[in-house]
Structure formats: structure tokens, C-alpha cells
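# Reading the structure
Here's the letter readout for the chains.
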Amino acid sequence: MKRKGSICSFFSPKRKAREIENEHLSKVDGEAEEEGERKEVEGEDEDEVERKGQQKCGTDRTQGQGDQGQEEVGEHHSGEDMEGEHHQNEEGESERQDNVQGSDSERERRVPGPSPTISSRAGPHDVSKSRCEVPVQPMRESFPKTLQGGARRSFRSDWYKSHPWLEYSQSKDAAYCFACRHFSLPDAPRTVFTSFEGYSNWKKATMKDSGFCSHARSEGHVNAMFAWTENKKIMDKNTSMFGLMDEQKKKQVAENQYYIKTLAEILVLTATENIAQRGHRESLDSEKKGVFLSMLDLLGNHNPIIKKRLEQQAKNAKYTSKTIQNEILECLAAMVKEEIIQEVKTSKQFSVIVDETKDVQKKEQMSFVLRYFYNGVVHESFLEFEVAEHLDAASLSDKIIFFLEKHGLEYKKNLVGQGYDGAAVMRGAHAGVQAKIKEVAKHAFYVHCSAHCLNLVIVDAVKSVADAGNFFSLMERLYVFMSGSYVHNKWLEVQREMFDGVPRELQQLSDTRWACRHIACRNVMDRLPAIVQVLEEIASENHPQRAVEARGILAQIDLNFAGCLVLFRKVLSDSKFLSDMFQSKTVDYAKAVELIEALKETLVQYRSQASFEEMWSETLDLCQRSNIDTTQRKPKRPRQTAKVLQDTVIHCTLGQHVVPDSKHTFCVSVYYPVLDNMIGEIGRRFSNTNCNIMQGVQALNPSSPTFLREESVLLLAEAYDSNIEDLKNELHQTRRVLDRQKGEKESPTTLMEFTQFLDPYQDVFYELFRLCKIAVVLPVTSASCERSFSSLRLIKTYLRSTMSEKRLSSLAVLSIESKRTRALD
């Protein structure tokens, strides 16, 4: 069938199309009958009405051929332009009459064209309103039935398959043509399928010469279907003007997002690896632009999107300046910190750990770490560095409180512990930082860093024994002498001759971590024969300064030195194990108390004659392998006592030191004093383990003899305002549950295992689980802060000393919390 309308009319200007349609509607109005009355043509069947409509359509088109613009430009208004403008003229419809014999034929007739204010696609509210929609095709098991032709007939949903243009109105119980309502030409004849009442003659709906089939063959419907099909192709391919613009915009947005993501990934990589991002000069002609720009240029050589942005974009759209870098770093760090804060808020109970150190600019940097229990694991998460302008207790406590408030933490109720070093300004019981924090957070129990306490135990033990102090001074001097270039080369050669394997280096002694001196004692003890040989060779050389120094050190490496070496290697070995355990993030205070008690018992066992005999035998063997003289010196002439002191008992030699030169003297003046001082200092430094809170913590440890003892647990409950009655009931039920599961599962043996055991039943054992969380989040050491200082020294170096504090803090968060940083999406 030849199509007399043009599909291009859908893209013609709306104003001209509206004028053409109004002109056509006025012609149709002139041919319409009187408003509200219409003769019904009796005996005229449905196919004759359709043929007459087509003939009239041909007549109208013949009359309109003289106006080429009307035929070419005729545009059917879109649903958005026509919706709500016109209303269907129902008064021009003729009345329906039903036959007594049951012939109820719904005739498809030409409907008088509406006035310019009436919509040509108006319809009921429950059908489509615009061409952007799809045909409304409700699926129902049954539709309303009407009496037609002596039988009750209704619409059927399977008609949708054979006629996909159909849409059904449930309010009118009538069918409509979606294509003709939205895609017909402006001069197309009006049919019952586009009227307000719709088509409802179900008797003739599926006949070949009437109903749906007759409408589907009409020229107006064919043109509308063609327009609908083309529109769907355009929409599917998205090749329209707006679609192309939208696609270009989406592409640009995707490229921008990819570029910014690439910049963020470079910053994440350099931050987690502690690599400097910026260079000395970042101009285009610079050869040292820095790692950030160099990596970006490298990626640009392999990625066209990056290369396009670097070469074609304006200078202010590259996003490579230090300001943009700082903003991206702050955003990434904020994402990491937000994740940590959410975990802390979920856990509720938490502790704060603070320590300070000086950076390369001599600024006092405060490190803030939060300790909390989340998902069955104890976490110690770093949050930021802050510069401390003043180091008094009031300023430091204000800094800590501001830090907690800034992150929205309920510290007044949920802060259960605070951990600092042993400085007087921090641990002061009345005016220290811990006292001021406790004024606003009454549950914040202060814990002195256990690692610092252990270090002080060893320091005090060494200082109290003169021979121990002389021993470590000689160790330091030996390290300095052997580190000289000439001596060091000879030292390596002698080791290769005397020992198999890789030569060892002597370790420098640390003033802050005395437990690490174990490595220095171990290396000297294992390589003492080589050390003696090197000193003897250098002492016989002609270089006066080196020879004299070597003879002086060699003269002091005697039986007393060998005894101290064996003693401190054994003692520091046990102390180092405890120090390493203290540095773990997951160690709790109950476990720390067990380790301290174990070290104390070990030292008590060493203080016996049998242990001394074993140690002395090892000392003699070391002297024999190192060619050290072990013969006991002859006693010198006894020192004369003043006449005024002859009848008195002298307890002090008034600074006169007697060098131990025999087994008995070494045992009395070195061995026992070192052990006694360490045992005494452990009892004094860790005396807070006997307080009420620590007794309550121990009562929650399954390996403790006071496990779940009511009076001990209540000491901890009273300190943290627990519900005593509920706690007593929970203790009783917990004992029964543990007794019942003894044969089935392994019982918990540590405080952490017991807390994990209660985690699934935290709603049932609320008070007991809360106390267990408090016990595991109490800080043991400030080792996490010390680790953050190590990162600080890697980030803020001499060449990067001018970076801003915000950039430093952001880089530190990304570096220290590297696991969370790499998981960012």
C-alpha cells in the first residue's frame, strides 16, 4: 500500500505542525453534524464503515495535495505537547442501540474532529499518555462480559500477541490502538480506536473483514505502525540528537572518573610504600619531576585516556598540583578514618592510647590510637598526628578531649581506659593528664605502658650493680672500636677464617629498648674468640693509637666480663620474649599479668645455687674457647681500717669498688644482686596488677584460679557501674553452660577466647559480655604509638620536612592503616 504521509513530519517544527493540524480540524468541523446529535446508520456493518472512512481519507488527501507543506510537515504532537490540552468531544457521538435479537454491533465510524482545544489522543486515565510509554496491556484471568449477539462476550488477553498495538482500558472496558493514538499523522482520519470511548464490539473483534483485522489494514494504521517502529529503532540505538549528546556526556564523565581514580591509585601506592610524591621542580622540562608525575607520565605512554588529559587539557584541568594532591589524600584518609570510627561506635567500649615524639622539625607530634573489640578481634587503629604546642597537663588533656569530640565519640560513657608512658605530666595522680581525663570520663582507667615498665626494670637493675654498668659500657666501647673501617675489615676476615656461614655484626646498644640488648650480648658471646684474636692482632701492630685502645679493651675482657655476658644473655633473652609479647596488638591485660608472673618465677628459679653452678660452668667453657685467663688472682694485702672504725661493723666501703676475681665474689657481688633487683623492680613497677580492676580482669580469665568468682568479678562491675543483680544471674548461667559443654567442645583458656565464646550470646549475657569487652580493650602498652613514630620518620624526612600537618597526618593514616587503604573502592 502506498503511504501518502511522510515520516519526516515527526521531526518538523512544532509550531507549523500545530497550525496545519488546526486548519485540518476546522475543515472536519465544517462537515460534522449538529453537536450532540448523530444519525445512526442501521444495517450498515463494520467493514462498510471502515471503507467509507478510507474513501474519505483519500478525498481529504486529494484536497490537501495542493498544499505541499501540509503533506510534508504534518506532525503528530508528542504526548508531552498534547497531554492535557484538549478533551474528547463526546457530545458528537451517536447513541448506541442494542437489537432485541442480540445484535450489538460496535461500529467503527469516523468521529467528528474536535476543536483546536481538544486533544486528538485523549483517552481514559488508565491507558498510555505519551509515545514514550508502552501499550497498557493488563493481564487478567477474566474481563468484564457484556451481552452482544445473544451471548456474553469480553476482551481476551491473548489478543495482545496477535495485535501488539492493542491496549485495554479497564475503566471503559474498551480497546485502543497505541500506534494510532501516538504516531498517526495529523491529517489521519479519526477512528473508534483513537476515540475516548474506544472499541468494545467483542463479537466482531477478530473477524477478518472487521474489528482488529480491518483496522490493521487501514492506511492510517499502517503509517502509524511504521512511525512507531522507526521510533523504537531510534530509541534502541540511541542515535537521536539528545541520545548522542547524552552518550558523549556520559563518556566524558567516565573518562574524568577514570583519570581521578588513576591519580588516587598513584597516591595510594606511594603513601602505603612511604615514597615521596613530589620532586624538586615539577615543570614540564624538569628531569626530576618526582615520583607522582613520573608515574603519571609512564601510565600515559600506555593509556590513551591519561595521555589525552596530560597533552590536550588546560593546565588547570590536569589535577596534579599539590593542592589537588592534598585534597585527594584528605578524602582517602577520611574514608579510612570513617570506617574506624564506625567500628568504634558499633563496639561502644574503647580505650585511647597517646604518645608523643619530636619529628625532624623538632615539633612535638602526638600520636592518637584507639583500641576496641570488633568482630571477635581486638583492634588498635591509628587515627592522626597532632602538633602539641604546649606540653603541660592541661594542654595535653584538652588535645585528647578535642580529638574524641571531633570524631563524635561518646567518651564520657564509653571511654574505659587510657594508656600513656610513665612521664610525670601524663601519670600524675592529681594534676596529670590521666587525672584530668578521668574528671570528664570517670571510667577511663589509667594503665602505664607495660613495655616501658619492663624497660625500667632492666635499667634500674643495671644501675644498681656497678659491675653490670661497667659491663655494658665496655660493650658499647667494643662496638665503637670494631666499627672502624680498618678494624672492621680485619673483623670480617677473622670471622670467615674461624666460623662458617655469614659473618655477624656487633649491635649498637639501645638506650630505650634494653630488652633488645639481648642481640648484642648474643653476638658478642658467639663471636668472642674472634673478638679476642682481632684485639690481639691489632695490639701487636705499630699503629700506636689503635694498639693502645685494643690493649685496654683486651685487658678488661676477663673472667668477670665473661660471667656478665653469660648472665645477661640469659636474663635479657627471657625479658625480650616478654617485650615482644607486649608489642602485640591483641594481647590483653590478663595475658600480660600471666607473662609478668611467669618472668618473675623464672628469675626466682635462677636465684639458686644450682642455676649459678650451671651458669658458672658455661662461663668457664666460654673463657676456655676464647683463651681468657681463668686463674684466680692472689688476694692483695688487706686494706687497713681506720682506728676510729676498728670496733664497728662497716656496711659500705665509701665508694671503694672491689672487682670480683673469684667464683664466690662474682656470685655475691654480681649474680644475686642483679636478680634480686630485677625481682624487686618487677613487683614495684607492676604493682597495679593487684588493684580491684585488675583482680576483676583476672576473674574473667579461664586460666586464673579466681575464674568467675563472684566477689572478684563484682570488683570490676562496681568500677564500671554494671547491673549487679543481672550480673550475678549471668555468672550462674555461664558456669552451667561451660560445665555442660566441657565434654563436647574445648573450653576457652584465655580471656580473649572467653570473650569470643560469649559473643554469639551477648544479648543473653549482656553485663558479663560488656565486662569482658572492657577487660580486653584495656591498653597494655603504647607500642602502636611507637610503631606510628617509625612511620613518621619514614614519611617526614629531612628532604620532606616542609610538608603541611594535614598532609602528614593523611599520609600517616594511609601508610599505617595500609590494609584498609588498599581495600578502598
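Above this text sits the structure in question.
Now for a quick tour of the structure. (Residues numbered from 1 in each chain as written. Predicted model: local features only at pLDDT ≥ 70, side-chain atom pairs only at ≥ 80, totals over all residues. Heavy atoms only, no water.)

What follows deals with the overall build of the protein chain. For the protein chain, the count of helices and strands is 34 helices and nine strands. Contacts in the protein chain between residues at least 24 apart in sequence constitute 73% of all its contacts with a sequence separation of at least 6. In the structure as shown, the protein chain presents an accessible area of about 43,100 Å², 50% of it carried by carbon and sulfur atoms. (Helix = DSSP H or I, 4+ residues; strand = E, 2+ residues; numbered from the N terminus. Contact = heavy atoms within 4.5 Å. Areas by Shrake-Rupley, 256 points an atom, 1.4 Å probe, with all protein chains shown as cover.)

Here we come to the sheet that holds strand S5 (residues 350–358). Two pairing modes exist for strands in a sheet, parallel and antiparallel, and in both the strands are linked by backbone hydrogen bonds. Judged by pairing direction, the sheet is mixed, and its five strands sit side by side in the order S7-S6-S5-S8-S9 without closing on themselves. The open sheet terminates on both sides in strands that have one partner only, identified here as strand S7 (377–387) and strand S9 (445–448). This sheet shows a mean twist of 25° between the axes of neighbouring strands, independent of strand direction. Two strands pair when backbone bridges link them, and S5 and strand S8 (residues 415–420) are joined in this way by four bridges, in the parallel orientation. (Pairing = 2+ DSSP bridges. Axes fitted to C-alpha atoms, helices over the stretch in contact; angles between N-to-C directions.)

With that settled, consider the environment of Arg735. Mapped onto the secondary structure, Arg735 falls in helix H29 (residues 724–740). Sequence spacing of Arg735 and Phe707 is 28 residues, and the spatial spacing of their C-alpha atoms is 9.9 Å. Leave out the neighbours within four places in its chain, and Arg735 touches Leu708 and Glu710.

With that out of the way, let us pick up the pattern of salt bridges. Tallied over the full model, the rule gives 36 salt bridges. Between Glu711 and Arg709 there is a salt bridge whose closest N-O contact spans 4.0 Å. Classification of Arg709 by relative accessible area gives partly exposed; the value is 36%. Note that Arg820 is salt-bridged to Glu817, the shortest N-O span being 3.3 Å. Accessibility classification places Arg820 together with Glu817 in one group, the buried group. (Salt bridge = Lys/Arg side-chain N within 4 Å of Asp/Glu carboxyl O. Buried < 20%, exposed > 50% of the residue type's maximum accessible area, 1.4 Å probe, protein only.)

Phi at Asn375 is positive, roughly 55°, even though this residue is not glycine. Relative to the assigned elements, Asn375 resides in the loop between strand S6 (364–374) and S7. In this model, Asp721 sits at a positive phi of 55°, which is unusual for a non-glycine residue. Turning to its location among the elements, Asp721 is positioned in the loop between helix H28 (710–719) and H29. Taking relative accessible area as the criterion, Asp721 reaches 47% and is therefore assigned partly exposed.

Bringing the packing of helix H20 (residues 517–526) against helix H21 (residues 528–539) into the picture now. It is the contact of H20 with H21, at a shortest axis distance of 4 Å, that shows an interaxial angle of 70°. In terms of orientation, H20 and H21 fall into the roughly perpendicular class. Across the interface between the two elements, Val524, Met525 and Asp526 of H20 pack against Leu528, Pro529 and Ile531 of H21. When the residues that make up the contact of H20 with H21 are grouped by side-chain class, the tally is five nonpolar, no polar and one charged. (Parallel < 35°, antiparallel > 145°, perpendicular 65-115°, else oblique. Nonpolar A, V, L, I, M, F, W, Y, C, P; charged D, E, K, R; others polar.)

Moving on, we come to helix H30 (residues 751–758). Within H30, six of the eight residues are buried, leaving the element largely enclosed by the surrounding structure. Within the span of H30, buried status applies to Leu751, Met752, Phe754, Thr755, Phe757 and Leu758. The secondary structure elements touched by the buried residues of H30 are S6, S7, helix H24 (589–606), helix H27 (692–698), H29 and helix H31 (766–777).

Here we come to the packing of aromatic side chains. One pass over the full model with this rule turns up 32 aromatic pairs. Pairing Trp165 with Phe212 gives two aromatic rings, centres 6.2 Å apart and planes at 90°, and the pair type is edge-to-face. Taken as a pair, Trp165 in the loop between helix H5 (159–162) and strand S3 (166–169) and Phe212 in helix H7 (residues 211–217) lie far apart in primary sequence, 47 residues in all. No difference in accessibility class separates Trp165 from Phe212, as the two residues are buried. Considering the side-chain rings of Phe193 and Phe212, the 6.0 Å spacing of their centres and the 55° angle between planes classify their relative orientation as tilted. Remark: Phe212 occurs in helix H7 and Phe193 occurs in the loop between helix H6 (178–183) and H7; sequence separation between them is 19 residues. (Phe/Tyr/Trp six-rings, centres within 6.5 Å; stacked < 30°, edge-to-face > 60°.)

On to a nonpolar patch on the surface. Residues Val360, Tyr798 and Leu799 make up a contiguous nonpolar surface patch of about 400 Å² in total accessible area. Mapped onto the fold, Leu799 is located in the loop between helix H32 (783–795) and helix H33 (805–816). Judged by relative accessible area, which is 78%, Leu799 ranks as exposed. (Patch = residues over 30% accessible without salt bridge, like charges linked within 9 Å, V, L, I, M, F, W, Y side chains within 5 Å.)

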